[in-house]
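# Remarks on the overall topology
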Amino acid sequence: MKCPKCDAQLPDGYRFCYKCGTMFAFPGETPEESVRLAKEQYQKYVQYVRAQQAQQEQQPQSSQQPQQTAPEQQPAQQTALR
Ligand SMILES: [Zn+2]
């Protein structure tokens, strides 16, 4: 499915274009129905995008945590000297 206005590639069944914001009417629906369903789907899309952005913001923070695995061989050497 392609947006007739901006030619963006959209998943099948989409009622709006997330690039240019155009809403599509499906055959057999009243304009009021189309607008209401399109708004519902748009809200789901916004929630999905926000969830993805939140995940991307969390990932760098977790990878920046320093790993405290400093090798400590001194105690073993001290016992060997005795
Ligand atoms: Zn578009």
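Higher on the page you've got the structure.
First things first, this report covers the structure right here in the doc.

Before going further, it helps to examine the overall build of the protein. In terms of helices and strands, the protein carries two helices and zero strands. Evaluated residue by residue, the protein yields a buried proportion of 2% over its 82 residues. For the protein, the share of sequence-separated contacts (at least 6 apart) that also reach a separation of at least 24 residues comes to 10%.

For residues that are not glycine, phi is negative in most cases, and the peptide bond is trans in most cases. In the Ramachandran plot, D7 falls in the positive-phi region, its phi being about 70° despite a non-glycine side chain. Turning to its location among the elements, D7 is positioned in the segment before α1 (31-63). On the basis of neighbour count, D7 is assigned to the exposed category, with 10 C-beta atoms found within 10 Å.

Turning to the environment of T22, a few remarks are in order. Mapped onto the elements, T22 comes out in the segment before α1. Overall, T22 belongs to the partly exposed group, with 15 C-beta atoms counted inside 10 Å. Measuring from C-alpha to C-alpha, the distance between T22 and C6 comes to 9.1 Å, with 16 residues separating the pair along the chain.

Relative to the helices and strands, F24 is located in the segment before α1. What makes F24 partly exposed here is the crowd of 15 C-beta atoms within 10 Å. C-alpha separation for the pair F24 and V35, spaced 11 residues apart in sequence, amounts to 8.4 Å.

The rules behind these values
Residues numbered from 1 in each chain as written. Predicted model: local features only at pLDDT ≥ 70, side-chain atom pairs only at ≥ 80, totals over all residues. Helix = DSSP H or I, 4+ residues; strand = E, 2+ residues; numbered from the N terminus. Buried ≥ 20, exposed ≤ 12 C-beta atoms within 10 Å, placed from the backbone. Contact = placed C-beta atoms within 7 Å.

Shape descriptors only; they carry no functional weight alone.
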